[in-house]
Amino acid sequence: MGGGGGAVGRLDMAEARSGGEEAAAGGGGPGPGPGPGPPVPAAPGRAQVFTTVVDTFLEKLAAAGSYQRFANCYRCFYKLQPEMTRSIYDQFISQLQSSIKEEIQEVKDEGNLDVLFNSLDKIVEEAKNREEPAWRPSGIPEEDVRSAMVPYLLKHRSYLRKVLKEKEEENRKVAESVLAGRDRIAELQQLIEARKHAWQAISKEQRELIMTFKEPQ
């Protein structure tokens, strides 16, 4: 009996320890997840990327043509006039960068690149919400050309049919107007003929009446 009571006591103690470990595990479980991080900044547009590329190019150009290399090329003058050499170098780099920026700006203006970049950004942004997969070449030129041209040709055919229908309707109205004009002309001709005959009849009656009043010779 004593041995059985000790065994039961040990089992109770084991269950108590197990329950305490489970409670500790439950209390130490994962808490609420971390809050939302800072908003991700929007990707720069292509016009901004182009400007950044140009600026980086100019920086690397200035680094490649460093003042040290410039001074080495004009070492004698540098030894005599170091400050003047530095001033000439700064003016040269400044004018070079300004000239390159002006030429690139002229290219952008002539090609309307800012508008094209913005349009391309808009197309890419709209494509993100598109559910259907983007078109990819199949590797068979005939099928690729057909898949690209058939929708355009069908659309163009619908447009031509619409234009043809409008022209046919316009021609029908013109034809009706011409026929109505011809009928009106025919009516006027008949009216003129009727009035002509009426005037001729009146004139004949007048002549006859005048003849009746004339004395016989």
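Residues numbered from 1 in each chain as written. Predicted model: local features only at pLDDT ≥ 70, side-chain atom pairs only at ≥ 80, totals over all residues. Heavy atoms only, no water.

## Looking at the confidence of the model for the protein chain
Move 1: Looking at the protein chain as a whole, its pLDDT mean stands at 78, while 76% of the residues score no less than 70.
Move 2: Per-residue pLDDT, averaged within each element of the protein chain, yields its smallest value for helix H1 (residues 2-27) (47) and its largest for helix H5 (residues 82-111) (89).
Move 3: Of the regions scoring below 50 in pLDDT, residues 1-11 engages in zero contacts with residues more than four places distant in sequence or in other chains.
Move 4: In this model residues 21-31 is a low-confidence stretch, pLDDT under 50, and it forms zero contacts with partners more than four residues away in sequence or in other chains. (pLDDT = per-residue confidence, 0-100. Helix = DSSP H or I, 4+ residues; strand = E, 2+ residues; numbered from the N terminus. Contact = heavy atoms within 4.5 Å.)

## Details of the packing of aromatic side chains
Move 1: In total, this model carries six aromatic pairs according to the counting rule given.
Move 2: Relative to tyrosine 78, the ring of tyrosine 67 lies with its centre 6.2 Å away and its plane at 75°, an arrangement referred to as edge-to-face. Remark: tyrosine 78 occurs in helix H4 (residues 75-80) and tyrosine 67 occurs in helix H3 (residues 67-73); sequence separation between them is 11 residues.
Move 3: Given a relative accessible area of 17%, tyrosine 67 falls into the buried group.
Move 4: Classification of tyrosine 78 as partly exposed rests on a relative accessible area of 34%.
Move 5: Counting every residue linked through ring pairs, the aromatic cluster contains Tyr67, Phe70, Tyr74, Tyr78, Tyr89 and Phe92. (Phe/Tyr/Trp six-rings, centres within 6.5 Å; stacked < 30°, edge-to-face > 60°. Buried < 20%, exposed > 50% of the residue type's maximum accessible area, 1.4 Å probe, protein only.)

## Comments concerning the packing of H5 against helix H6 (residues 113-128)
Move 1: Put simply, H5 and H6 touch, their axes get as near as 6 Å, and they point 65° apart. Taken together, the axes of H5 and H6 lie roughly perpendicular to each other. Every residue of H6 that contacts H5 at Val107, Lys108 and Gly111 is listed here: Leu113, Asp114 and Leu116.
Move 2: Looking at the contact of H5 with H6 residue by residue, the class counts come to three nonpolar, one polar and two charged. (Axes fitted to C-alpha atoms, helices over the stretch in contact; angles between N-to-C directions. Parallel < 35°, antiparallel > 145°, perpendicular 65-115°, else oblique. Nonpolar A, V, L, I, M, F, W, Y, C, P; charged D, E, K, R; others polar.)

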